[in-house]
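# Observations on the model geometry
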Amino acid sequence: MSGEAAKWAAALRALGCRVVTVAGEGPVDRLVPGLAIDAAVPPDRADVEVALADVDVAVVENLLSLPLNPQAAGVVARVLRGRPALLRHHDLPWQRARWADAPPPPDDPSWAHVTINRMSEHELAARGIAATTVYNAFPVFEPDESVITRPDARSSLELSADGLLVLQPTRAIARKDVPAGVRLAEALGASYWLTGPAEEGYGPVLERVLADAAVPVLHRPADDMRLAYAACDVVAFPSTFEGFGNPVVESAVHRRPLAVADYPVLRELAAFGFRWFPAASPSLLASVDAAALDANLALARRHFNLADLPARLALLFERQGWAL
């Protein structure tokens, strides 16, 4: 179960709901073979019906959004026809070049569609599907909570206490623009840390980019992202497209300067008032001072606070007429 799905599950439990998780793999309550993204054989309809038999409202995370496993999506859609279901869309097919001609997600009068940005909400509306935007939510630490210091974080991670560190907390795929993150580190004379693996055939490119870097490179996962953010001096997020872009808010929560490129949803998030600097203009890092970091944190607390997610979901369920 993804981190975002786990947040929703916890929020629903906080509202008193009994939550069961269903997937084709992973540590979930009910495993249904064939639901995984790379499953060679679709799930048996009877297995899906049994897994969902006692479910009052099904929350479907992205399965009916992108055609990653269209056969599984078709089975699940048929089982859910006429039943209360909330389809949460992280991405939509026409937002990716390889699925530009794919049809929109299925729809049913008993279903509610939720997007993680207003751009997708409007794009669904243009295709005759009504949706509601519920932005991703994040734990925002209160001022009286213990703060992980940079030296302590670096010591815990066995990193050098000296020198600047640029953190790119992303996977390595083309649209994440790892070369731009490396160039930023080079311009700042900083070490570079990439936390995610290469995917979608990007491995050979990544190997060349990191081998050619003119700065020290660390490519390993972060077991505790709080430590990773505390250890770094700058967060690099030069993506060219994202459905949301969690580091945008996570960097604000951890009071770290964020270097960005331009993608459509970033402009939507910028409208809240966040202050960042362009990854291609490292000299502008100096414009992101302590006051800007404080303001970014306040915006994250006000608009993207995980503590507010239960109330947002309660309102969503109320509008649908679904009892909690």
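It should be emphasised that the depicted structure is a prediction, and the values quoted were computed from it without experimental measurement.

### What to know about the packing of aromatic side chains
All told, the structure shown has 10 aromatic pairs when counted by the stated rule. On the numbers, 5.4 Å between centres and 80° between planes, the contact of F317 with W322 is edge-to-face. The same class applies to F317 as to W322, namely buried. Taken together, the ring pairs connect Y135, F138, F244, F272, F274, W276 and F304 into an aromatic cluster. When the ring centre of W94 is taken as origin, the NZ or CZ atom of R127, which lies over that ring, is 3.6 Å away.

### Some thoughts on the environment of G34
Residue position: G34 is located in the loop between β2 (30–31) and α2 (45–51). A C-alpha to C-alpha distance of 7.6 Å links G34 and D44, two positions 10 residues apart in sequence.

### A look at the sheet that holds strand β7 (residues 165–168)
Ordered by their spatial adjacency, six strands build an open sheet running β9-β8-β7-β10-β11-β12, and the pairing between neighbours is parallel. If you trace the sheet from one side to the other, it starts and ends with β9 (217–219) and β12 (277–278), each paired once. Bridge count for strand β10 (residues 234–237) against strand β11 (residues 258–260) is three bridges, and the pairing is parallel. Within β11, the residue paired with F237 across the bridge is V260.

### Points about the pairing of strand β5 (residues 111–115)
Taking burial as the measure, the five residues of β5 include five buried ones, the bulk of the element. Where burial is concerned, the two faces of β5 agree: the one with W111, H113 and T115 and the one with A112 and V114 are both buried. Pairing of strand β4 (residues 85–89) with β5 involves five bridges; the strand directions are parallel. Within β5, the position partnered with R88 by the bridge is V114. Bridge analysis of β5 against strand β6 (residues 131–133) gives three bridges, and the strand direction is parallel. Each bridged residue has a counterpart across the sheet, and for V114 the counterpart in β6 is T132. Regarding topology, helix α4 (residues 118–125) serves as the crossover connection from β5 to the parallel β6, and that connection is right-handed.

### Thoughts on helix α12 (residues 309–320)
The terminal C-alpha atoms of α12 lie 17 Å apart, and with 12 residues this matches the ideal 16 Å at 1.5 Å per residue to within 8%. Those residues of α12 lying buried are L309, P310, L313, L316 and F317. Projection of α12 onto a plane perpendicular to its axis shows the buried side chains occupying an angular sector of 125°, all on one side. Exposed residues lying more than 90 degrees from the buried face of α12 are A311, E318 and R319. Where α12 is buried, its residues touch α1 (3–14), β4, β5 and β6. In the stretch just after α12, G321 is the one whose phi turns positive, near 80°.

Calculation rules
Residues numbered from 1 in each chain as written. Predicted model: local features only at pLDDT ≥ 70, side-chain atom pairs only at ≥ 80, totals over all residues. Heavy atoms only, no water. Phe/Tyr/Trp six-rings, centres within 6.5 Å; stacked < 30°, edge-to-face > 60°. Buried < 20%, exposed > 50% of the residue type's maximum accessible area, 1.4 Å probe, protein only. Lys NZ or Arg CZ within 6 Å of the ring centre and 35° of its normal. Helix = DSSP H or I, 4+ residues; strand = E, 2+ residues; numbered from the N terminus. Pairing = 2+ DSSP bridges. Right-handed = clockwise from strand over helix to strand, strands pointing away. Expected span 1.5 Å × (residues − 1). Arc of directions from axis to C-beta. Contact = heavy atoms within 4.5 Å.

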